[in-house]
Amino acid sequence: MAFLPCWVHILVYCFSASLAWASILSDMEPPLWKESPGQFSDYRVENGVYIVDPWVFPERMGLYKILLNQTARYFEKFSPGNEQNILWGLPLQHGWQYSSGRLADPTHTTSCGYASGDKLCLSVDSWWADLNYFLSSIPFLAAVESGIMGISSNQVRLLPPPKDEKKFCYDVSSCRSSFPEIMNKWNAFYQYMQSPSSKFNDLLKYLWAAHTSTLDNTVKSFEDRYDYYSKPEARFERKWVIAVRYIAASLLPTTLTNTYNLQKGLPPRILLNTDVVPFISDFTNFQNVVLFILNILPKCTEKFHEDRSYREANSRSFGTIVKVFEIVLEMINELKMKISTLTTSNFKKLI
């Protein structure tokens with residue numbers, strides 16, 4: 001694997017940092033997990049076909065819940081209780097999107113996704129809801145196609161959104177026709193997952209290859225959604241896609257506990273034009289640090305690739321990187337630094 005820029009390691013280290021270990025795994029489950037469908041019979045049936053409305057939060061979350069249930073047996077050898085199932089990252093990420101208000105209508109022309117209207121509605125105008133559609137529907141439909149779900153490929157269909165129907169696919173056949181590369185990547189993951197000799201690290205390679213392929217093949221179709229958001233939020237969306245590519249390259253384990261802990265560093269609400277990173281007063285230190293790193297990550301990446309001396313220096317400075325990790329950990333775990341004392345000079349120490 002090519003050497004990753006130092007700030008990528010710091011970002012991953014922040015995400016993997018040891019926070020409080022939850023005593024009960026169920027406490028880590030995403031919102032409305034227990035209320036979401038957990039088997040195909042929980043969905044309505046028309047002419048022998050299960051009908052799923054992925055524009056309703058519990059119904060989309062149900063795709064993940066069934067997927068986690070059906071794949072649990074393949075992860076038992078790593079840990080009991082399905083905690084080490086690396087597919088947990090998908091529903092937990094979707095849960096964060098929901099709880100942070102990112103699945104609601106960003107244009108505010110409808111009440112979709114808002115407490116004052118239909119809280120469970122997922123807006124087709126939401127950049128997050130659109131990208132997540134492909135990170136829910138295609139992993140699910142590819143699992144159906146692979147044979148691990150116990151139904152045939154023509155037994156499930158997803159309903160379209162109220163507009164932009166042609167941007168999406170709705171069953172195994174249409175997704176394979178429109179997004180063959182993504183379907184192949186997810187199928188490769190499931191095929192390897194079923195191998196008795198599968199190894200955890202190799203499963204991560206297959207998973208992240210499928211995840212990044214999904215983003216790379218769909219993100220451009222929804223660039224118009226950026227206009228619906230504040231400049232800080234739109235910037236966060238763009239940089240989140242970049243960060244995911246580097247997180248994927250690090251093979252971050254997306255187990256239940258690890259993902260639950262790392263998501264504590266993600267912004268708990270939509271970013272506003274008045275938000276200035278890393279001085280957002282209603283965010284934790286951890287959240288401010290993560291946003292700060294995301295903001296400078298593209299600049300560090302460009303410098304790493306363009307400047308040979310910078311590249312060589314970073315390649316020799318692993319000890320320095322570890323020292324920076326320790327500084328970040330101190331900020332996160334001990335929380336000695338109050339928001340009021342965070343200054344530009346403090347953060348320059350980390351660059």
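All figures in this text were calculated on a predicted structure; none of them were measured in a lab. (Residues numbered from 1 in each chain as written. Predicted model: local features only at pLDDT ≥ 70, side-chain atom pairs only at ≥ 80, totals over all residues. Heavy atoms only, no water.)

Caption draft 1: Molecular detail of the pattern of salt bridges. The full count for this structure, using the stated rule, is 14 salt bridges. In this structure, the salt-bridge partner of Arg157 is Glu46, at a minimum N-O distance of 3.9 Å. With Arg157 in strand β3 (residues 156-158) and Glu46 in strand β1 (residues 44-46), the pair connects residues that are 111 residues apart, well separated along the chain. The network of salt bridges with shared partners includes Asp130, Asp164, Lys167, Asp224 and Arg225. (Salt bridge = Lys/Arg side-chain N within 4 Å of Asp/Glu carboxyl O. Helix = DSSP H or I, 4+ residues; strand = E, 2+ residues; numbered from the N terminus.)

Caption draft 2: A look at the packing of aromatic side chains. Under the criterion given, the structure shown has 25 aromatic pairs. Ring plane angle 50° and centroid distance 5.8 Å describe the contact between Phe40 and Phe140, whose orientation is recorded as tilted. Taken as a pair, Phe40 in the loop between α1 (6-16) and β1 and Phe140 in helix α4 (residues 127-146) lie far apart in primary sequence, 100 residues in all. Residue classification places Phe40 among the buried residues on the basis of a relative accessible area of 9%. Under the relative-accessibility criterion, Phe140 is labelled buried at 1%. When the ring centre of Trp55 is taken as origin, the NZ or CZ atom of Arg60, which lies over that ring, is 5.0 Å away. (Phe/Tyr/Trp six-rings, centres within 6.5 Å; stacked < 30°, edge-to-face > 60°. Buried < 20%, exposed > 50% of the residue type's maximum accessible area, 1.4 Å probe, protein only. Lys NZ or Arg CZ within 6 Å of the ring centre and 35° of its normal.)

Caption draft 3: Quick peek at the environment of Ser99. Along the polypeptide, Ser99 turns up in helix α3 (residues 89-99). On a C-alpha basis, the gap between Ser99 and Pro30 in space is 9.1 Å, while along the polypeptide they are 69 residues apart. Not counting residues within four places of it along the chain, the set of residues in contact with Ser99 comprises Pro31 and Pro268. (Contact = heavy atoms within 4.5 Å.)

Caption draft 4: Broad picture of the nonpolar core. Counting 90 residues, the largest nonpolar core has Trp186, Phe189 and Tyr190 as its most contacted members. The greatest single-element share of this core, amounting to 13 residues, is contributed by α4. Every residue in contact with Tyr190, bar those within four places of it in the chain, is listed here: Leu67, Leu87, Pro139, Phe140, Ala142, Ala143, Ser146 and Ile148. (Core = buried A, V, L, I, M, F, W, Y, C linked by side-chain atoms within 4.5 Å.)

Caption draft 5: Structural context of the state of the cysteines. Evaluation of the coordinates by the stated rule reveals two disulfides. Each disulfide pairs two cysteine sulfurs, and for Cys112 the partner residue is Cys121, the sulfurs being separated by 1.9 Å. Between Cys112 and Cys121 the sulfur-sulfur dihedral comes to about -90°; the bridge is accordingly left-handed. Both residues of the pair, Cys112 and Cys121, count as buried. Paired through a disulfide, Cys169 and Cys175 show a sulfur-sulfur distance of 2.0 Å. On the S-S bond that ties Cys169 to Cys175, the torsion sits near 90°, and the link is right-handed. Each bonded cysteine of the chain is numbered by sequence order, and under that numbering the disulfide pairs are 1-2, 3-4. (Disulfide = S-S within 2.5 Å.)

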